[in-house]
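Secondary and tertiary structure notes
Okay, here's what each chain looks like letter by letter:
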Amino acid sequence: MVGLSEVVSLYAIHVQGIVQGVGFRPFVFRLAQELQLQGTVANDGRGVHIRLAGTTEQVERFVQKLRSAAPPAARISSLEVEVLAPFETAELELAPGFHILPSTDACSNGNVACAAISPDLATCGDCRAEIFDPANRRFRYPFTNCTNCGPRFTISARIPYDRPNTSMRVFPMCTACRQEYDNPLDRRFHAQPNACPVCGPQLSWHDANGTLLTGDTLSMAAVALQEGAVVAIKGLGGFHLAVDATNNTAVLKLRQRKQRPAKPLAVMVADLATARSYCQITVQEAELLTSAAHPIVLLEVRKTGGLAPTIAPGLGIIGLMLAYTPLHHLLLAEEAAPPALVMTSGNPSDSPICTQNSDALRRLQGLADYFLLHNRDILTRVDDSVLRVMAGAPRLIRRARGYAPAPIVLAQPCANILACGAEMKNTFCIVRNNEAYLSQHIGTLRNTEAFDFYEESIAHLQEVLECTPDRLACDLHPDYLSTRHARRRMLPLCAVQHHHAHALAVMAEYGLDGEVLALILDGAGYGADGTVFGGELYRVTRARYQRLASLAPLPLPGGDQAVAQPWRLALAWLWQYGALGEGDRACPLSTVSLPPALERISPEKRRQISSLLQKNLNCPPCSSAGRLFDAVSALLGLCLYSEYEGQAAMLLEQQASLARPNEKSVLYPVQIDENGSIRRIETSYLCRAVLQDCTAGCSVPAVAWRFHHWLAESWRTAVAQLSRETGLTKILLAGGCMQNKILLEMLVAGLAADGMQVYAGVEVPANDGGISLGQAFYTGDKTCA
Ligand code: ZN
Ligand code: ZN
Ligand code: FE
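Residues numbered from 1 in each chain as written. Chains lettered and ligands numbered in written order. Predicted model: local features only at pLDDT ≥ 70, side-chain atom pairs only at ≥ 80, totals over all residues. Heavy atoms only, no water.

**Quick word on the sheet that holds strand β22 (residues 471-475)**
Taken together, six strands build an open sheet; the order of strands is β18-β21-β20-β19-β22-β23 and the sheet is mixed. Looking at strand neighbours, the two that pair on one side only are β18 (408-409) and β23 (493-496), the edges of this open sheet. Helix-sheet contacts for helix α12 (residues 448-465) involve β19 (417-419), β20 (429-432) and β21 (435-438), and the interaxial angle to β20 is about 20°. Most of the contacts of helix α23 (residues 771-779) go to β22, to which it runs at about 130°, and overall it touches β18, β19, β20, β21, β22 and β23. (Pairing = 2+ DSSP bridges. Helix = DSSP H or I, 4+ residues; strand = E, 2+ residues; numbered from the N terminus. Contact = heavy atoms within 4.5 Å. Axes fitted to C-alpha atoms, helices over the stretch in contact; angles between N-to-C directions.)

What follows is the structure, given as structure tokens:
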């Protein structure tokens, strides 16, 4: 008698997700050999297909290992096991042993390509060891990679991910590299960018005018950096501008040339130990820094660490990343190299990061003293990703290198959709089957260069995914360039309200269904009534939203100008409650004197704003939480003029983090007006309390903390009321203000304590970088006009 578990059958296993170009087939091969199973493995446009002869037990063990021991960069989105036939038939079909079959381009699914291209991967430990080993043939070779690491998305023109479809096609492999590439047991088996000093890309070193300089490139670059020069370095997804991060004069020179006086700059160091000397790093943050993506992580900086103070003026956190290409490792290991480098995106202010050598030499002229170039082309721009560990999870703030274009798997299949996003920090999203491909961070779509990058990237991702949209989605805002792009394409189009899209991005990420509450604290978004929204509690389904509560609106004197000049908001806020002591309003606050910060604003300017407000001229009302942050930040004198998006709020958050325990005993009163059609979080008591604290000489950190606490408590109260009324207990948190760690953690803790189930984006940014996913999710459910 043969027991059931000993019956040998032929099985088919289909694996989808990021399983190509990440060493998956060699892994399957080794696993089958280890378990002494007979069969084959092959790639096609849909994924990896395995045939295996074995008992149920053996195959179960194989599948379990397939999931648990997969290569670090692989991401399995689906795995199906099928029993094909009993063993006798199997024997006829399979040659003895285990075999890797050649790839087939053709897709078995009616020509729909399903394979995903892996994001770019940071240099692995094995490759790092090789480039520092004088006996290795790749010693000091800056383009070393293997199936576990190296460029992917940035060098890909289309699928399948094979060398002729990448920018490595112009480098024919030498015999030694070819042998590695062809050997199933080699770490470089089918490593498409495989290269060595004999056959692969090379570095070159140029002066400010682009003239080639000869010598040892790496050591010349290190010396230039040591001497305080600004060096343009061609990287994985674009150029960086680098300077010595411990040399304040050099940092100031870079700031002055880039005309970027205050925006925080990212820093790169060689390894975790060096990172720890500059920053406080938790276990979770260390894992993130050293993950396959090697992103920029926002970390608490050590004051005595020795980084230049002008790297992030006024802030206690910096964006730090570890070296993620062999070039970075080699450069930082040079004897003359500074221990930390500022690595800011290589672009003139507000335009996209440069990728081509000629483009960099032209556009970065006057910014860089030297150029460190190479001849491997970058086929799509990808900036460094940015994450912050908040409320217990690493959350994406800028989703780009190492993350794009990994798909977000949707709970239901959708039509082929292109969602065009909004304006700030923009991304777009392409949906294919049940996978949503959120693009890399594109940036703010306000100039032609950014718009060209946007259109190029759409074309590139459509090509890479072999996907042509048959529906489009955009923001309700008629003037966004992304909306215009959508309208020009003459396809069925859905316009999605900005904050509804924010909420739906979280729903899509968590695969939620049905009806939920959503709290969106944001900069600005076009409201359904044409006014500016941004501090909203919605009741949301995939198809609909209802506004339940909102922040009391604040006038924006001068419209967009008020966004760049927070002092205008401070004045508008005071005027609203009569604290300026003029005009026809009742003056409940007129007995309070103005805080000293506003005395810096000339009487002339103050009169201008008062006049705009009194005549209600170009003062659009705005319920944005971001603008309320701006007003408080300006009242405290932290930020009267904003140089970059979110500056006023970031400075306020930083101050709040400095508040002492005894300063947290005084709380500002929560004030909710329940009489209108929706609930209003009123701010007149808050305004009075802030003014009183300011004039009483209360510390800035105390006021900043109390404001954060007030905002979180106000919404917590409103949510509790509306949860009782609606019976809904799930709440989504989104919008740009959710990048504020103190606010997010207060909200998550408070709402959870009230029994709510709280969801906030992890894979998808809370800021407008997540909007396109929400738009796509909405559109997948709709028949558009
Ligand atoms: Zn490697
Ligand atoms: Zn070679
Ligand atoms: Fe937004």
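Now that the structure is up, let's keep going.
**Section: the coordination of the iron ion (ligand 3)**
Distances from the iron ion (ligand 3) to its protein donors, His498 (NE2), His502 (NE2), Asp522 (OD) and Asp768 (OD), fall at 2.0 to 2.2 Å. What the four donor atoms of the iron ion (ligand 3) show is an angle range of 87 to 161° at the metal, which sorts the shape as irregular. Each donor residue of the iron ion (ligand 3) lies on one chain, and together they are spaced H-x3-H-x19-D-x245-D. Here His502, found in helix α14 (residues 498-510), pairs with Asp522, found in strand β24 (residues 516-526); they are 20 residues apart in sequence, far enough to count as distant. In this structure His502 comes out as buried when scored by relative accessible area, which is 2%. (Donors = N, O, S within 2.8 Å, 3.2 Å for Na, K, Ca; no water. Tetrahedral: all angles 85-135°; square planar, octahedral: opposite > 155°, others 65-115°. Buried < 20%, exposed > 50% of the residue type's maximum accessible area, 1.4 Å probe, protein only.)

**Looking at the packing of aromatic side chains**
All told, the structure shown has 10 aromatic pairs when counted by the stated rule. Taking the centre distance of 5.6 Å and the plane angle of 65° together, the rings of Phe24 and Phe27 count as edge-to-face. Of this pair, Phe24 and Phe27 both sit in helix α1 (residues 24-34), three residues apart, which is roughly one turn of the helix. With a relative accessible area of 1%, Phe24 lands in the buried category. Taking the relative accessible area as the measure of exposure, Phe27 reaches 9% and is therefore buried. When the centroid spacing of 5.0 Å and the interplanar angle of 90° are considered together, the rings of Phe629 and Phe707 count as edge-to-face. (Phe/Tyr/Trp six-rings, centres within 6.5 Å; stacked < 30°, edge-to-face > 60°.)

**Remarks on the pairing of strand β2 (residues 38-44)**
The side chains of a regular strand alternate, first on one face of the sheet and then on the other. Most of β2 sits out of view: six of its seven residues are buried. As paired elements, β2 and strand β3 (residues 47-54) share seven bridges and run antiparallel to each other. Paired with Asn43 across the bridge in β3 is Val48. Between β2 and the antiparallel strand that follows it, β3, lie two residues.

**A look at the packing of α1 against helix α2 (residues 56-68)**
Following both chains from N to C, one finds α1 and α2 inclined at 145°, their axes separated by 11 Å at the closest point. Read as a crossing pair, α1 and α2 show a hand that is right-handed. Residue-level inspection shows Phe24, Phe27, Val28, Leu31, Ala32 and Glu34 of α1 in contact with α2, the latter providing Phe62, Lys65 and Leu66. In the contact of α1 with α2, the residues fall into seven nonpolar, no polar and two charged. (Left-handed = near helix turned anticlockwise from the far one by under 90°. Nonpolar A, V, L, I, M, F, W, Y, C, P; charged D, E, K, R; others polar.)

**Side note on the pattern of salt bridges**
Throughout the structure, instances matching the rule amount to 34 salt bridges. A salt bridge links Glu536 to Arg547, with the shortest nitrogen-to-oxygen separation between them at 2.6 Å. With Glu536 in strand β25 (residues 532-540) and Arg547 in strand β26 (residues 545-551), this pair connects stretches of sequence that are 11 residues apart. For Glu536, a relative accessible area of 0% translates into the label buried. With a closest N to O distance of 3.8 Å, Arg679 and Glu674 form a salt bridge. Note on Glu674: relative accessible area 46%, which makes it partly exposed. Taken together, the salt bridges that share partners define one network made up of Asp126, Glu130, Arg187 and Arg188. (Salt bridge = Lys/Arg side-chain N within 4 Å of Asp/Glu carboxyl O.)

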